[in-house]
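Spelled out, the chains give:
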Amino acid sequence: MALPFFYKEDITAASEKIILDEDSSKHIVQVLRMQNGEQLQLTNGKGDLFTCTIADNNRKRCTVTIVEKSETKNLKSKISIAISLLKNNTRFEWFLEKATEIGVTEIIPLICERTEKTAFKFERMKSILVSAMLQSQQCWLPVLNEPTKFAALIKQPVEGQKFIAHCEENKKENLIDKIMQQKELNASKVLPTGKNLGWALICIGPEGDFTKQEIEMALQNDFTPVSLGNTRLRTETAGMVAAALLRLV
């Protein structure tokens, strides 16, 4: 049976004794009813996994001692999803949860011309990522950025591939075809100069899609327009589909 699994951001390889926060302590002592001498696991969300023994099962400041340290290798591919904030917070939170379970590396909330709601509760959104990371037994927490304006994002330097998914009838490539091409290049080890094929950034627009002006701006900044399939998807569904497809590489 797997050991209970918790998150503490500030653990380092040099740590020996750890005092857990009140929420984790309460869950360990009052919900799980764990006793001194029992073991649990901690991660800092940066790939490190720590097996610990409970030294003091205080329900407000549970203290544990690290008995084993290991490192979980990150997946070779880096997936950055830049996705518009949504009017319905529940739908955006659903995307955050599923993207974390899939193994997305970075999430960039976007503010586009048609984004209806720009309020963003960072700590709540991060807590959803943490819960999804622990539920899926991972040791890497996705990087969550503060909301970024679309015009600023597309001008940022990216060494990897850059995609924009939109619903306009312009010429587009299927994302799955681009991924299969990338897998063939990776297998042949013949890589385009100046490109990191292990990194992909994809932009997902708001309800109502990107404007024509935004799409043109993206194309001018070397983004490849792509389709995610034959049906029109909600923003959060499009983000999840893109994440799952890019994880195939």
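Residues numbered from 1 in each chain as written. Predicted model: local features only at pLDDT ≥ 70, side-chain atom pairs only at ≥ 80, totals over all residues. Heavy atoms only, no water.

Draft legend 1. A look at the pattern of salt bridges. For the structure on display, the rule yields nine salt bridges. A salt bridge links K178 to E173; the nearest nitrogen and oxygen atoms lie 3.9 Å apart. You can call K178 buried: its relative accessible area is 16%. For E173, a relative accessible area of 34% translates into the label partly exposed. Taken together, the shared-partner salt bridges in this structure form one network comprising R91, E207 and E236. (Salt bridge = Lys/Arg side-chain N within 4 Å of Asp/Glu carboxyl O. Buried < 20%, exposed > 50% of the residue type's maximum accessible area, 1.4 Å probe, protein only.)

Draft legend 2. Representation of the environment of K69 in the model. Topologically, K69 is positioned in strand β5 (residues 63–71). Distance in space between the C-alpha atoms of K69 and Q41 is 9.8 Å, their sequence separation being 28 residues. (Helix = DSSP H or I, 4+ residues; strand = E, 2+ residues; numbered from the N terminus.)

Draft legend 3. Region of interest: the side chain of K126. Within the secondary structure, K126 sits in helix α3 (residues 122–135). Judged by its relative accessible area of 19%, K126 falls in the buried class. For K126, the side chain forms a polar contact with the side chain of E9, separated by 3.3 Å. When near neighbours in sequence (up to four residues on either side) are disregarded, K126 contacts Y7, E9, L141 and L144. (Polar contact = N/O pair within 3.5 Å; in protein donor to acceptor, adjacent residues only side chain to side chain. Contact = heavy atoms within 4.5 Å.)

Draft legend 4. Fine view of helix α2 (residues 89–102). The end-to-end C-alpha distance of α2 is 20 Å, a good match for the 20 Å that 14 residues give at a rise of 1.5 Å each. Looking at α2, one finds that the buried residues are R91, F92, E93, F95, L96, A99 and T100. The inward-facing, buried residues of α2 contact β6 (78–84), β7 (106–111), α3 and α7 (235–246). The opening residue of α2, the one whose side-chain oxygen lies 2.9 Å from the backbone nitrogen of T90, is N88. Just downstream of α2 lies G103, where phi reads positive at about 110 degrees. (Expected span 1.5 Å × (residues − 1).)

Draft legend 5. Looking closely at a nonpolar patch on the surface. The grouping of I176, M180 and L248 at the surface amounts to a nonpolar patch, some 250 Å² of accessible area in total. Looking at the secondary structure, you find L248 in the segment after α7. (Patch = residues over 30% accessible without salt bridge, like charges linked within 9 Å, V, L, I, M, F, W, Y side chains within 5 Å. Areas by Shrake-Rupley, 256 points an atom, 1.4 Å probe, with all protein chains shown as cover.)

Draft legend 6. Region of the structure containing α7. Its twelve residues give α7 an end-to-end C-alpha distance of 17 Å, which sits within 8% of 16 Å, the value for a rise of 1.5 Å per residue. Looking at α7, one finds that the buried residues are T235, E236, A238, G239, A242, A243, L245 and L246.

Draft legend 7. Region of the structure containing the packing of α2 against α3. The contact between α2 and α3 brings their axes to 8 Å, and the two run at 35 degrees. The handedness of the crossing between α2 and α3 is right-handed. On α3, the residues touching N89, F92, E93, L96, E97, T100 and E101 of α2 are R124, M125, I128, L129, A132, M133 and Q135. Across the contact of α2 with α3, the residue classes tally to seven nonpolar, three polar and four charged. (Axes fitted to C-alpha atoms, helices over the stretch in contact; angles between N-to-C directions. Left-handed = near helix turned anticlockwise from the far one by under 90°. Nonpolar A, V, L, I, M, F, W, Y, C, P; charged D, E, K, R; others polar.)

Draft legend 8. Looking closely at the sheet that holds strand β3 (residues 39–43). Here we have five strands laid out as an open sheet, ordered β1-β3-β4-β5-β2, and mixed in their pairing. The sheet terminates laterally at β1 (5–7) and β2 (17–19), the two strands that pair on one side only. Sheet twist, expressed as the mean angle between neighbouring strand axes with direction ignored, is 40 degrees. Two elements, β1 and β3, share three bridges in a ladder whose sense is parallel. Bridged to F6 within β3 is L42. Running at roughly 155 degrees to β1, α3 makes contact with β1 and β3 of the sheet. (Pairing = 2+ DSSP bridges.)

Draft legend 9. Spatial organisation of the pairing of strand β12 (residues 199–204). Within β12, six of the six residues are buried, leaving the element largely enclosed by the surrounding structure. Along β12, one buried face is formed by W199, L201 and C203 and the opposite face, lined by A200, I202 and I204, is buried too. Note that β6 and β12 share six bridges and pair parallel. Opposite S80, over in β12, you have L201 as the bridge partner. Inspection of the sheet shows strand β10 (residues 161–165) paired to β12 by five bridges, in the parallel sense. Its bridge partner being in β12, I164 is matched across the sheet by C203.

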